[in-house]
Amino acid sequence: MKIELSQTQKIAPTVKFGEGVKVYDFVNLYGCEIGDHSKIGTFVEIQKGAKIGKNCKISSHTFICEGVTIEDDVFIGHNVTFINDMYPRSTVEGGGLQTEADWACIPTLIRKGASVGSSVTILAGVTVGEKAIVGAGSVVTKDVPPGTIVAGNPAKVLRIITEEKKK
């Protein structure tokens, strides 16, 4: 396995890398999987249990939390944030900080060939469909149908992607 690494990265030994992965500086990766030929940009954090497919581009300043699965050929823009808890709290009833046992991780799925624009927030439990596009700055609160473009807060379908409109 050949990957490009530098001295300014925090990469735990629990990370599983595919072939030809490129990881840029100032990242924090632990307990995740990254598929063949994917690129991980500067200032990215990918938590345990997250899975990145083959040929993905994860742009700088992105946060991919536990429970997120990104399939092959996906583009994730700059400063994208994923959420894995619908009711986050710092403490438990009666006091004391929460532990992993006190909350449920809700999975999120980004299907093959999707593109997620810069500064998008994707809430827990959402599926972004195959080859869908999420416009920059959107807040995705529900599933995105395959082959559509969504944008806004909350994100709404703008149109279906057709071959003639791609040009």
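As the structure is a prediction and not an experimental result, all values here were calculated from the model.

## Section: the overall build of the protein
The secondary structure content of the protein amounts to zero helices and 21 strands. Counting only C-alpha atoms and orienting by the principal axes, one finds that the protein spans roughly 55 × 45 × 20 Å. Relative to its 167 residues, the protein shows a buried fraction of 36%. Positive and negative side-chain charges of the protein, numbering 19 and 18 respectively, have mean locations separated by a distance of 7 Å.

## Looking at the nonpolar core
Leu29, Ile34, Ile46, Ile70 and Phe82 are the most contacted members of the largest nonpolar core, which totals 36 residues. For isoleucine 34, the residues in contact, after removing those within four places along its chain, are Val15, Lys16, Phe17, Gly18, Val21, Leu29, Ile40, Ile46 and Ile52.

## What to know about the packing of aromatic side chains
A full pass over the atoms with the stated rule returns one aromatic pair. Judged by centre distance (5.3 Å) and plane angle (10 degrees), the ring pair of phenylalanine 26 and phenylalanine 43 falls under stacked. Separated by 17 residues along the polypeptide, phenylalanine 26 in the loop between β3 (22-23) and β4 (28-29) and phenylalanine 43 in the loop between β6 (39-40) and β7 (45-46) bring together distant segments of the chain. The exposure class assigned to phenylalanine 26 is partly exposed, which follows from its relative accessible area of 44%. Residue phenylalanine 43 is classed as partly exposed on the basis of its relative accessible area of 44%.

## Digging into the side chain of asparagine 84
Within the fold, asparagine 84 resides in the loop between β13 (81-82) and β14 (108-110). A distance of 3.0 Å separates the side chain of asparagine 84 from the backbone oxygen of glutamate 66, its partner in a polar contact.

## Observations regarding the side chain of serine 138
By the element assignment, serine 138 lies in the loop between β18 (133-134) and β19 (139-140). Looking at serine 138, its side chain comes within polar contact range of the main-chain nitrogen of glycine 152, at 3.0 Å. Excluding its chain neighbours within four sequence positions, the residues that come into contact with serine 138 are Ser119, Val120, Thr121, Val150, Ala151, Gly152 and Ala155.

## Observations regarding the pairing of strand β21 (residues 155-160)
The sheet contact formed by strand β20 (residues 148-152) and β21 spans five bridges and is antiparallel. Bridge pairing in β21 links alanine 151 to lysine 156. Between β20 and β21, which pair antiparallel one after the other, the connecting turn spans two residues.

## Thoughts on the environment of valine 74
Position of valine 74 among the secondary structure elements: in the loop between β11 (68-70) and β12 (75-76). Classification of valine 74 by relative accessible area gives buried; the value is 2%. Distance in space between the C-alpha atoms of valine 74 and proline 145 is 15 Å, their sequence separation being 71 residues. When near neighbours in sequence (up to four residues on either side) are disregarded, valine 74 contacts Asn55, Cys56, Lys57, Ile110, Arg111, Lys112, Gly113 and Ala114.

## Description of the pattern of salt bridges
All chains considered together, the criterion is met by three salt bridges. Glutamate 71 is paired through a salt bridge with arginine 111; the nearest N and O atoms lie 2.9 Å apart. Taken together, the positions of glutamate 71 in the loop between β11 and β12 and arginine 111 in the loop between β14 and β15 (115-116) put the pair 40 residues apart, joining distant regions of the chain. By relative accessible area, glutamate 71 is classed as partly exposed at 22%. The class for arginine 111 is partly exposed, based on a relative accessible area of 35%.

Reading the values: the criteria
- Residues numbered from 1 in each chain as written.
- Predicted model: local features only at pLDDT ≥ 70, side-chain atom pairs only at ≥ 80, totals over all residues.
- Heavy atoms only, no water.
- Helix = DSSP H or I, 4+ residues; strand = E, 2+ residues; numbered from the N terminus.
- Buried < 20%, exposed > 50% of the residue type's maximum accessible area, 1.4 Å probe, protein only.
- Lys, Arg positive; Asp, Glu negative; His and termini not counted.
- Charge placed at Lys NZ, Arg CZ, Asp CG, Glu CD.
- Core = buried A, V, L, I, M, F, W, Y, C linked by side-chain atoms within 4.5 Å.
- Contact = heavy atoms within 4.5 Å.
- Phe/Tyr/Trp six-rings, centres within 6.5 Å; stacked < 30°, edge-to-face > 60°.
- Polar contact = N/O pair within 3.5 Å; in protein donor to acceptor, adjacent residues only side chain to side chain.
- Pairing = 2+ DSSP bridges.
- Salt bridge = Lys/Arg side-chain N within 4 Å of Asp/Glu carboxyl O.

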